[in-house]
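Letter by letter, the chains look like this.
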Protein chains: 2
Amino acid sequence: MVKRTSRDIRTANRYEVLRQIIAESPTSRQELAAATGLSLATVATLVGELLDLRMLTEVGFEDSAGGRPRGLVAVNAAGGALIGVDIAETYVRAELFDLGLNVLARAAEHMRPGESRPEQVVGHVTTAVGSVVAQAGIEGARVLGVGVSVPGQVDRVTGVAEYAPNWDWHDVPLLDLLTEHIAYPLHLDNPLRACAVAELWFGAARGHANAVVVNLGTGVGAGLVIGGGVHRGVSNSAGEWGHTTLVLDGRLCHCGNHGCVETYVGAPGIMLNLRELDPGGALLHPEDQTATVDALARGVAAGDPVAVKVVRDTARYLGAGISDLVNLLNPEIVVLSSWVAATLGEPLVAEVREAVARHALKRPLAATEIVLSPIPGDPVCLGAATFALEGALSSVTQRSSAARRGAPVPLKPV
Amino acid sequence: MVKRTSRDIRTANRYEVLRQIIAESPTSRQELAAATGLSLATVATLVGELLDLRMLTEVGFEDSAGGRPRGLVAVNAAGGALIGVDIAETYVRAELFDLGLNVLARAAEHMRPGESRPEQVVGHVTTAVGSVVAQAGIEGARVLGVGVSVPGQVDRVTGVAEYAPNWDWHDVPLLDLLTEHIAYPLHLDNPLRACAVAELWFGAARGHANAVVVNLGTGVGAGLVIGGGVHRGVSNSAGEWGHTTLVLDGRLCHCGNHGCVETYVGAPGIMLNLRELDPGGALLHPEDQTATVDALARGVAAGDPVAVKVVRDTARYLGAGISDLVNLLNPEIVVLSSWVAATLGEPLVAEVREAVARHALKRPLAATEIVLSPIPGDPVCLGAATFALEGALSSVTQRSSAARRGAPVPLKPV
């Protein structure tokens, strides 16, 4: 049964209003209504809820040319803190944000190759979270939640990391392990969703109903924004674009399949593109993805023909794979995110645009644009913190509807 | 700006209630509430609207063990007629339905290769529509609308067939041309959307929030059901899965790209698979897709090793391409539709299931099933008629809200 509820709409509207206030503070209810297309009555109700939660604060009145002065609201940045954790193949990063999603503290833990047992990773996460709370000098009680992005496929309900291909993790009860060390409310999901949520709330996908956030790192995938929300699929594994067959019977992928997009455009795939072109060349740092991609970026900037050719070859694969997404989903925008995209930057994006123009069908091509993520810093941390924000908003709703029904309101201990 | 309205929800709920009544008539408001998850008050309002429109009729009371007897409603099959038109590469079919979506009349026009100028196609559509109205012996005024499915990419608002690759149509003003000959309200879209809507209302996707309807004919594509509705994309061209690159630098496709899924699993692609395996064989009917696919189906049934091998090879390509959809969208169900799927039937589906099991990631694979469309007859005609039904429901809404505002209610002349 497909059950559509007005609660889904209310949640989406609450996000929309808060997004708008975060983007433009202070603002009036009237401006919010105009910007979101919601009625003034709806906006007033939602703003009231957010004021009750101390996520917003009243900040005076707007000068008005006659008529009643309009009350202004702003994000109550000090109303709470959110933590976003990015567990990647080679590092764990944590960032602590205020409610305006400004970074107050950062911590990073390096992980050596092979250092990927669940308890090792949990140790790094615990250290990084402790570090950002200490640095920010805030009381633990003010942390509204911790969003954790973990590679691969994650069951959001049980908190089990079902499959992380680069580590060969299977059914790791990550939420349970983290809960032993971290007392804040925890929200798990994967980097595809984190990047998509970050772009939707704060980046290039803001205000778009249909967007694709292509994540280019060690692994690759696509966060899908459909109908103004993140599309998760029936078991929260949507977006595995990295395992689209691009070259039937092509390179072997760790998923067991051959010719997956990821084997050509993930960082190890790019290293292989380089090795095939220039086996003994100076750009290749065997065993070091970051150094190799950095060297490629510098090489392109310096006009090194090998670097230019490798980026062009990679863009050709990417162009075909992104065209698949454009043809299939007909999005308004394709955003290139994560560290490989950030490092190779505009030269890569320019090549990708040309390749997509050669591959994609005219009608969807004309409707879409391809851009680099405008989010400074780590979009995965930001997106993970946004999960925590969404979680805080939804637990708040449950509390306030319980309160409306006259039930006792248990506050979640942290 | 992403504007979510309660009207979208109301429309979706109206569809859901009508779908349920069409599936199970007679029924009570209470049963409808239980089946749809909507409140009894909402169901009562929606049923009231549909009664006002004479789409439903009251049919007495349910026996009840005490308490107030429950009123029963049923589809008012005679309340209007809907026509669905399937414009394909080799034929034009029209079917006339009552409001219970039972076929009352059918007509088909054969199109010879090359007979694909817009005015020729419009002539066939006009003849077929005239024929089903005459056969059904109904007054024209009872036809609530005509849905027309046209291959390729269609602008639903302007009614322009923007690109039909198999005919090399570019920007054909099809709606304008049809309007010169057909006086009923017309609703244009493409076969991907028609098959998706047919499965969502009446077929294997009923009750699923996330489904993919894979359309296997001369052209191939995927109708996408996401969040309980058809995903059209920003310019109504979503679903062009046929132009996903499966074999980089592979077979040349009429879209200008190489290695598209369609070149391996569309009917001409299957003919090429056969020709490559058995160049002078008896199964191949050059220039006749239908006869060749029929011969393959008979060959598989008879255990002909060439036919078995061709279907297996085709399923291997299909399996890789469908795995891309499973990995990317994480659907609950994949439905194989259109004439090639219907002709090759369960032997094809069995091979496809095996191939997808080899290619797809475990988590999305475990969440999905692959089935043959259960819709008897032409799902494209049924889906196109459903566009007309959706159109009639939405014009009704506009009238009834105009009436509620006290405005005059213009009835659409037919």
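This is a predicted model, so every value here is computed, not measured.

1. Points about the overall build of chain A
When helices and strands are counted, chain A shows 13 helices and 16 strands. Computed over the C-alpha atoms, the radius of gyration of chain A is 22 Å, within 12% of the 22 Å expected from 2.2 N^0.38 for a compact globule of 414 residues. Each principal axis of the C-alpha atoms in chain A carries an extent, and together these give about 70 × 50 × 50 Å. Looking at the 414 residues of chain A, the share that counts as buried comes to 59%. Here the analysis covers contacts within chain A between residues at least 6 apart in sequence; of these, 61% occur between residues at least 24 apart. For chain A, the accessible surface area stands at approximately 16,000 Å², while carbon and sulfur atoms represent 53% of it. Within chain A, one finds 33 positive and 43 negative side-chain charges whose respective centroids are separated by 8 Å.

2. A closer look at the interface of chain A and chain B
Contacts between chain A and chain B engage 65 residues on the former and 65 residues on the latter. Of the roughly 5,400 Å² buried between chain A and chain B, counting both surfaces, carbon and sulfur atoms make up 54%. Counting across the chain A and chain B interface gives six salt bridges. Counting every contact that joins chain A to chain B gives 28 residue pairs in polar contact (both at pLDDT 80 or more).

3. With respect to the relation of the copies chain A and chain B
Superposing chain A onto chain B takes a rotation of 180° combined with a translation of 0.0 Å along the rotation axis, leaving an RMSD of 0.0 Å. Given the turn and translation reported, the copies of this chain are related as if by a two-fold rotation axis.

4. So, the environment of B:Val122
All names here are of chain B. Among the structural elements, Val-122 can be located in helix H4 (residues 118-136). Take Val-122: its relative accessible area is 4%, and that puts it in the buried class. Between the alpha carbons of Val-122 and Thr-179 there is a distance of 9.8 Å; along the sequence they are 57 residues apart.

5. Examining the sheet that holds strand E3 (residues 70-75) of chain A
All names here are of chain A. Here we have three strands laid out as an open sheet, ordered E1-E3-E2, and antiparallel in their pairing. Looking at strand neighbours, the two that pair on one side only are strand E1 (27-28) and strand E2 (56-62), the edges of this open sheet. As defined by bridge partners, E2 adjoins E3 across five bridges and the pair is classed as antiparallel. If you follow Thr-57 over to E3, its bridge partner there is Ala-74. The sheet strands contacting helix H3 (residues 40-52) are E2 and E3, and the helix crosses E2 at an angle near 125°.

6. Description of the packing of helix H9 (residues 289-301) of chain A against helix H11 (residues 339-359) of chain A
Residues and elements named next belong to chain A. In contact at an axis separation of 9 Å, H9 and H11 are set at 10° when each is read in the N-to-C sense. Between H9 and H11, the angle falls in the class roughly parallel. Here Gln-289, Thr-290, Val-293, Asp-294, Leu-296, Ala-297 and Val-300 of H9 lie close against H11, whose contacting residues are Trp-339, Val-340, Thr-343, Leu-344 and Pro-347. Each residue belonging to the contact of H9 with H11 can be placed in one class, and the counts come to eight nonpolar, three polar and one charged.

7. Quick word on the pairing of strand E10 (residues 169-172) of chain A
Along any regular strand the residues' side chains alternate between the sheet's two faces. Residues and elements named next belong to chain A. Where strand E9 (residues 160-164) meets E10, three bridges bridge the pair, whose relative direction is antiparallel. Its bridge partner being in E10, Ala-164 is matched across the sheet by Trp-169. Between the antiparallel neighbours E9 and E10 lie four residues, among them Asp-168 with a positive phi of about 60°.

8. Side note on the side chain of B:Arg251
Residue and element names in this part refer to chain B. Take Arg-251: it is sitting in the loop between strand E14 (229-230) and helix H7 (262-265). For Arg-251, the side chain forms a polar contact with the main-chain oxygen of Thr-263, separated by 2.8 Å. For Arg-251, the side chain forms a polar contact with the side chain of Glu-276, separated by 3.2 Å. Setting aside chain neighbours within four positions, we find Arg-251 in contact with Asn-257, His-258, Gly-259, Cys-260, Thr-263, Tyr-264, Gly-269, Leu-272, Asn-273 and Glu-276.

9. Brief notes about the side chain of B:Asn210
Positionally, B:Asn210 belongs in the loop between helix H6 (191-202) and strand E12 (211-216). Taking the relative accessible area as the measure of exposure, B:Asn210 reaches 10% and is therefore buried. A polar side-chain atom of B:Asn210 sits 3.5 Å from the main-chain amide nitrogen of B:Gly227. Residue contacts for B:Asn210: discarding those within four places in its chain leaves A:His231, A:Gly233, A:Val234, B:Val225, B:Ile226, B:Gly227, B:Asn330, B:Pro331, B:Glu332 and B:Ile333.

10. Things to note about H6(B)
Residues and elements named next belong to chain B. The end-to-end C-alpha distance of H6 is 16 Å, a good match for the 16 Å that 12 residues give at a rise of 1.5 Å each. The buried fraction of H6 amounts to 11 of the 12 residues, a majority that puts the element mostly inside the structure. N-cap assignment for H6: the residue whose side-chain oxygen lies 3.0 Å from the backbone N of Leu-192 is Asn-190.

11. Brief notes about the packing of helix H8 (residues 267-277) of chain B against helix H10 (residues 305-329) of chain B
Residues and elements named next belong to chain B. One can describe the packing of H8 onto H10 by two numbers: an axis separation of 10 Å at closest approach and a directional angle of 130°. Judged by the inter-axis angle, H8 sits oblique to H10. As H8 runs across H10, the sense of the crossing is right-handed. Contact residues: Ile-270, Asn-273, Leu-274 and Leu-277 in H8; Val-306, Lys-309, Val-310, Thr-314 and Tyr-317 in H10.

12. Thoughts on the pattern of salt bridges
Pairs can form between side chains of opposite charge once their charged atoms are near each other. What the rule picks out here adds up to 32 salt bridges over all chains. With a closest N to O distance of 3.2 Å, A:Glu276 and A:Arg251 form a salt bridge. With A:Glu276 in helix H8 (residues 267-277) and A:Arg251 in the loop between strand E14 (229-230) and helix H7 (262-265), the pair connects residues that are 25 residues apart, well separated along the chain. Assessed through its relative accessible area of 54%, A:Glu276 is described here as exposed. On the accessibility criterion, A:Arg251 (12% relative accessible area) is buried. Here B:Arg117 and B:Glu119 are joined by a salt bridge, their closest N and O atoms 2.8 Å apart. Beyond isolated ion pairs, a larger network of salt bridges with shared partners links A:Arg156, A:Asp189, A:Arg193 and A:Arg232.

13. Quick notes on the environment of B:Leu72
Residues and elements named next belong to chain B. Tracing the sequence through the fold places Leu-72 in strand E3 (residues 70-75). In the structure, Leu-72 is positioned 47 residues away from Ser-25 in sequence and 8.6 Å away in space, judged by C-alpha atoms. Each residue touching Leu-72, except ones within four places of it in the same chain, is listed here: Pro-26, Thr-27, Ser-28, Thr-57, Glu-58, Val-59, Gly-60, Phe-61 and Glu-62.

14. Some words on the domain arrangement of chain A
By a widespread convention, an interface's size corresponds to the accessible area lost as its parts come together. Residues and elements named next belong to chain A. The domains assigned to chain A are domain 1 (6-75), domain 2 (79-194 + 378-404) and domain 3 (204-372). Taken together, the contact between domain 2 and domain 3 spans 16 residues of the former and 18 residues of the latter. Interface area, domain 2 with domain 3, both sides summed: about 1,400 Å², of which 47% is carbon and sulfur. If you sort the residues of domain 2 by the area they bury against domain 3, Gln-153, Leu-192 and Arg-193 come out on top, with a joint share of 45%. Counting the contacts that link domain 2 with domain 3 gives one salt bridge. Put simply, Asp-189 and Arg-232 hold a salt bridge, and the shortest N to O gap is 2.3 Å. Those elements giving two or more residues to the side of domain 2 that touches domain 3 turn out to be strand E8 (153-155), helix H6 (191-202) and helix H13 (379-404). A per-element tally of the side of domain 2 that touches domain 3 places H6 first, with three residues.

Parameters and conventions
- Residues numbered from 1 in each chain as written.
- Chains lettered and ligands numbered in written order.
- Predicted model: local features only at pLDDT ≥ 70, side-chain atom pairs only at ≥ 80, totals over all residues.
- Heavy atoms only, no water.
- Helix = DSSP H or I, 4+ residues; strand = E, 2+ residues; numbered from the N terminus.
- Rg over C-alpha atoms; globule rule 2.2 N^0.38 Å.
- Buried < 20%, exposed > 50% of the residue type's maximum accessible area, 1.4 Å probe, protein only.
- Contact = heavy atoms within 4.5 Å.
- Areas by Shrake-Rupley, 256 points an atom, 1.4 Å probe, with all protein chains shown as cover.
- Lys, Arg positive; Asp, Glu negative; His and termini not counted.
- Charge placed at Lys NZ, Arg CZ, Asp CG, Glu CD.
- Buried area = accessible area lost by both parts, 1.4 Å probe.
- Salt bridge = Lys/Arg side-chain N within 4 Å of Asp/Glu carboxyl O.
- Polar contact = N/O pair within 3.5 Å; in protein donor to acceptor, adjacent residues only side chain to side chain.
- Least-squares fit on C-alpha atoms with pLDDT ≥ 70 in both.
- Pairing = 2+ DSSP bridges.
- Axes fitted to C-alpha atoms, helices over the stretch in contact; angles between N-to-C directions.
- Parallel < 35°, antiparallel > 145°, perpendicular 65-115°, else oblique.
- Nonpolar A, V, L, I, M, F, W, Y, C, P; charged D, E, K, R; others polar.
- Expected span 1.5 Å × (residues − 1).
- Left-handed = near helix turned anticlockwise from the far one by under 90°.
- Domains from an automatic or database assignment.

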